[in-house]
Amino acid sequence: ALKVKPKTSNSRDAMFRTAIKGAVEAIENGSTMLGSDPVEDFLNGLAVALGVPPSRGAAISNGEVAARCRASLLQAVVFSRTGEDIEFNMTLIKIDNLLTALPFQENAPEIEVITSSLNNRMTGEERKKIVAAFPQGREENLAMLKQMLNL
């Protein structure tokens, strides 16, 4: 079993945040595994090994997912405005992958933060275009996206 003893809670959180960022990148690119472990198992095992309290682990994970979703939505708007349709659709697939693997809980405060930060950054038409082009396989992901876009 892996044993790690970070000197401070800040260094512990930084190690876990780095792992979350790596997991987010892998998930966006369609991977469900990190090494030989499912992403969730890897992250849970690492959190236990580092001694990250569950509530702190969830806060770090949700914060990283929220930051990536917000950035990806803004990037999707840029791709839409510049006519880069393949990149636009790939960005939406990455968001869908992320929300599938690391979903927010219902009414998560991070969703409200994303919504408020996007308020003046895209038009209503752009929001509707994102929803229309979003992968339609998972209703819960579409519902989260609509919440983020304030639709």
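Cut-offs applied
- Residues numbered from 1 in each chain as written.
- Predicted model: local features only at pLDDT ≥ 70, side-chain atom pairs only at ≥ 80, totals over all residues.
- Heavy atoms only, no water.
- Helix = DSSP H or I, 4+ residues; strand = E, 2+ residues; numbered from the N terminus.
- Expected span 1.5 Å × (residues − 1).
- Buried < 20%, exposed > 50% of the residue type's maximum accessible area, 1.4 Å probe, protein only.
- Contact = heavy atoms within 4.5 Å.
- Axes fitted to C-alpha atoms, helices over the stretch in contact; angles between N-to-C directions.
- Parallel < 35°, antiparallel > 145°, perpendicular 65-115°, else oblique.
- Nonpolar A, V, L, I, M, F, W, Y, C, P; charged D, E, K, R; others polar.
- Salt bridge = Lys/Arg side-chain N within 4 Å of Asp/Glu carboxyl O.

## Side note on helix 1 (residues 9-28)
Thinking step 1. Between its terminal C-alpha atoms helix 1 stretches 28 Å, which fits the 28 Å expected from 20 residues at 1.5 Å a residue.
Thinking step 2. Within helix 1, the full set of buried residues consists of Arg12, Asp13, Phe16, Ala19, Ile20, Ala23, Val24, Ala26, Ile27 and Glu28.
Thinking step 3. Summarising the contacts, the buried residues of helix 1 are in contact with strand 1 (33-34), helix 2 (39-50), helix 3 (54-81) and helix 4 (85-101).

## What to know about the packing of helix 1 against helix 2
Thinking step 1. Where helix 1 meets helix 2, the closest approach of the two axes is 10 Å, and the angle between their N-to-C directions is 175°. Overall, the two elements helix 1 and helix 2 adopt an arrangement that is roughly antiparallel. Where helix 1 approaches helix 2, its residues Arg12, Met15, Phe16, Ala19, Ile20, Ala23 and Ile27 are matched on the opposing element by Val39, Phe42, Leu43, Leu46, Ala47 and Leu50.
Thinking step 2. Of the residues assigned to the contact of helix 1 with helix 2, the class counts are twelve nonpolar, no polar and one charged.

## A short note on the side chain of Asp96
Thinking step 1. Examined against the element boundaries, Asp96 turns out to sit in helix 4.
Thinking step 2. Classification of Asp96 as buried rests on a relative accessible area of 5%.
Thinking step 3. Dropping the residues within four chain positions of it, Asp96 is found in contact with Phe134, Pro135, Arg138 and Asn141.

## Observations regarding the pattern of salt bridges
Thinking step 1. Taken as a whole, this structure holds seven salt bridges when the rule is applied.
Thinking step 2. Here Arg56 and Asp13 are joined by a salt bridge, their closest N and O atoms 2.8 Å apart. Here Asp13 lies in helix 1 and Arg56 lies in helix 3, a separation of 43 residues in the sequence.
Thinking step 3. Put simply, Arg138 and Asp96 hold a salt bridge, and the shortest N to O gap is 2.6 Å. Taken together, the residues span a long stretch of sequence, with Arg138 in the loop between helix 6 (124-133) and helix 7 (139-148) and Asp96 in helix 4 at a distance of 42 residues.

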